[in-house]
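One letter stands for each residue in the lines below.
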Amino acid sequence: MNKIIAKENFSDKVVKFEIEAPLIARSRKAGHFVMVRVGKKGERVPYTIASSDPVKGTITLVIQRVGKSSEKVCQLEPGGYITDLVGPLGKATHIENFGTVLCAGGGVGVAPMLPIIEAMKNAGNRVITVLAARNKDLIILEDQVRKFSDEVIVMTDDGSYGQKGLITAGVEQVILREPVDLCVTIGPAIMMKFVSELTKKYSVPTVASLNTIMVDGTGMCGACRVTVGGVTKFVCVDGPEFDAHQVDFDEMLMRLKAYN
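All values reported here derive from a predicted model rather than from experimental measurement. (Residues numbered from 1 in each chain as written. Predicted model: local features only at pLDDT ≥ 70, side-chain atom pairs only at ≥ 80, totals over all residues. Heavy atoms only, no water.)

### A look at the packing of aromatic side chains
Then, in step 1: Taken as a whole, this structure holds 0 aromatic pairs when the rule is applied.
Then, in step 2: For Lys-193, the ring lying beneath its charged end belongs to Phe-194, and the centroid distance is 5.5 Å. (Phe/Tyr/Trp six-rings, centres within 6.5 Å; stacked < 30°, edge-to-face > 60°. Lys NZ or Arg CZ within 6 Å of the ring centre and 35° of its normal.)

Below you can see the structure in the form of structure tokens.
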């Protein structure tokens, strides 16, 4: 079992955990996720790795309370244990020196975006990050994001922090002022859809992480089926990242409604 080393509440709905997992900490790459189970009869739930410390042998997960299983995880305290932790899973993010990379993260999507921001910066890219949330209290990991970004733009729906407006306003602001070689977007499906439509308009190559639709994480349940370029893909084994301009987001949104 994997011991919980530290816990931090970002809000009443979002919790950050540092968990002992030395093998995963040494081998994980940006884009990888793990499967978590709490209790012998618990449900297996996928969570993207936000960061790791190979020296301490720990990984960091940011978890949002959305149902019974995530609630069980969020109730754990330091000194407690995760029953099962399997990973790293999924295909790692393709990292290279593209030039200027625009990272658009919404809500808890900033957590899986963080290792991508770090990896892109370490590969020599100019990294511009747009963070977005409904209000100031829901902006997470800003200090860590700033550490690896050349510029950070914060957007809030209510204008309580940064600029008032949706994430697309911040993304378009960057595209209109300078060339962007790649956009990476992670967040709610509806957010990624509109970011993708915007970047397609300006012919900016875009990658979207579709981790929000994953269930069992092994390709067996079929719940994470998506259509990419007219072909059926499984997010957990073929992704979680895909060419956003090829993703059928309307189909994905319809499938997500099954879990409401």
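### Observations regarding the pairing of strand 2 (residues 14-20)
Then, in step 1: In terms of burial, strand 2 is largely enclosed, as 5 of its 7 residues are buried.
Then, in step 2: Direction of pairing for strand 1 (residues 2-9) relative to strand 2: antiparallel, over a ladder of 5 bridges. When the sheet's bridge partners are listed, Lys-7 is paired in strand 2 with Phe-17.
Then, in step 3: Between strand 1 and strand 2, which pair antiparallel one after the other, the connecting turn spans 4 residues.
Then, in step 4: Note that strand 2 and strand 5 (residues 58-64) share 7 bridges and pair antiparallel. Considered in strand 5, the bridge of Val-14 is made with Gln-64. (Buried < 20%, exposed > 50% of the residue type's maximum accessible area, 1.4 Å probe, protein only. Helix = DSSP H or I, 4+ residues; strand = E, 2+ residues; numbered from the N terminus. Pairing = 2+ DSSP bridges.)

### Quick look at the sheet that holds strand 6 (residues 81-82)
Sheet strands associate in pairs through backbone hydrogen bonding, adopting either a parallel or an antiparallel arrangement.
Then, in step 1: Read from one edge of the open sheet, 7 strands run 6-1-2-5-4-3-7, paired in antiparallel fashion. Sheet topology places strand 6 and strand 7 (84-89) at the edges, where each strand pairs with a single neighbour.
Then, in step 2: Relative to strand 7, strand 3 (residues 33-37) runs antiparallel, the two sharing 4 bridges. Across the sheet, Arg-37 pairs through a bridge with Asp-84, a residue of strand 7.
Then, in step 3: Relative to the sheet, helix 3 (residues 110-122) contacts strand 4 (45-53) and strand 5, its axis offset from that of strand 4 by approximately 40 degrees. (Contact = heavy atoms within 4.5 Å. Axes fitted to C-alpha atoms, helices over the stretch in contact; angles between N-to-C directions.)

### Section: the sheet that holds strand 12 (residues 182-186)
Then, in step 1: What the 7 strands build is an open sheet, ordered 11-10-9-8-12-13-16; its pairing is mixed. Where the open sheet ends on each side, the last strands, each with one partner, are strand 11 (163-164) and strand 16 (241-243).
Then, in step 2: Here strand 10 (residues 151-156) pairs with strand 11 via 2 bridges, running parallel. Looking at strand 11, one finds that Thr-156 is bridged to Lys-164.
Then, in step 3: On the sheet, helix 6 (residues 189-201) packs against strand 8 (100-106), strand 12 and strand 13 (206-209) and is oriented at approximately 165 degrees with respect to strand 12.

### Focus on the layout of surface pockets
Then, in step 1: As a volume, the largest pocket reaches approximately 1,600 Å³.
Then, in step 2: Along its surface, the largest pocket is lined by 48 residues, and Gln-64, Val-66, Val-108, Pro-188 and Thr-212 are the ones closest to its centre.
Then, in step 3: Put simply, the parts of the chain that give the lining of the largest pocket at least two residues each are strand 4, strand 5, helix 2 (68-74), helix 3, strand 9 (126-133), helix 5 (167-177), helix 6 and helix 8 (249-256).
Then, in step 4: Here the residues of the lining of the largest pocket are counted per class, giving 28 nonpolar, 13 polar and 7 charged.
Then, in step 5: Lining the second largest pocket are 14 residues, with Ala-92, Thr-93, His-94, Val-207 and Glu-241 positioned closest to its centre.
Then, in step 6: Of all elements in the fold, only strand 12 and strand 16 reach the threshold of two or more residues within the lining of the second largest pocket.
Then, in step 7: When its residues are assigned to classes, the lining of the second largest pocket shows 8 nonpolar, 3 polar and 3 charged. (1 Å grid on protein atoms, 1.4 Å probe; cavity = no way out; pocket = protein on both sides within 12 Å on 5 of 7 lines; lining within 4 Å. Points joined across faces, edges and corners; volume = space filled by probe spheres on them. Nonpolar A, V, L, I, M, F, W, Y, C, P; charged D, E, K, R; others polar.)

### Quick look at helix 6
Then, in step 1: Relative to the 18 Å expected for 13 residues at 1.5 Å per residue, helix 6 spans 18 Å between its end C-alpha atoms, a close match to the ideal helical length.
Then, in step 2: For helix 6, the complete set of buried residues consists of Ala-189, Met-191, Met-192, Lys-193, Val-195, Ser-196, Leu-198 and Thr-199.
Then, in step 3: Downstream of helix 6 by a residue or two, Ser-203 has a phi angle that is positive, lying close to 60 degrees. (Expected span 1.5 Å × (residues − 1).)

### Some points on the environment of Lys-233
Then, in step 1: Mapped onto the fold, Lys-233 is located in strand 15 (residues 231-234).
Then, in step 2: Residue classification places Lys-233 among the partly exposed residues on the basis of a relative accessible area of 30%.
Then, in step 3: Between the alpha carbons of Lys-233 and Val-247 there is a distance of 9.8 Å; along the sequence they are 14 residues apart.
Then, in step 4: Excluding anything up to four places from it in sequence, Lys-233 contacts Cys-224, Arg-225, Val-226, Val-228, Asp-238 and Phe-242.

### Here's the deal with unusual backbone geometry
The phi torsion of most residues other than glycine is negative, and most of the peptide bonds are trans.
Then, in step 1: With an omega of 0 degrees, the peptide bond running from Gly-87 to Pro-88 counts as cis.
Then, in step 2: Within the element layout of this structure, Pro-88 appears in strand 7.
Then, in step 3: Here the residue pair Gly-239 and Pro-240 is connected by a cis peptide bond, since its omega of 20 degrees sits within 30 degrees of zero.
Then, in step 4: Residue Leu-141 is not a glycine yet carries a positive backbone phi of 60 degrees.
Then, in step 5: With respect to the secondary-structure elements, Leu-141 resides in the loop between strand 9 and helix 4 (142-148).
Then, in step 6: Phi at Ser-203 takes a positive value of approximately 60 degrees, unusual for a residue other than glycine.
Then, in step 7: By the secondary structure assignment, Ser-203 is in the loop between helix 6 and strand 13.

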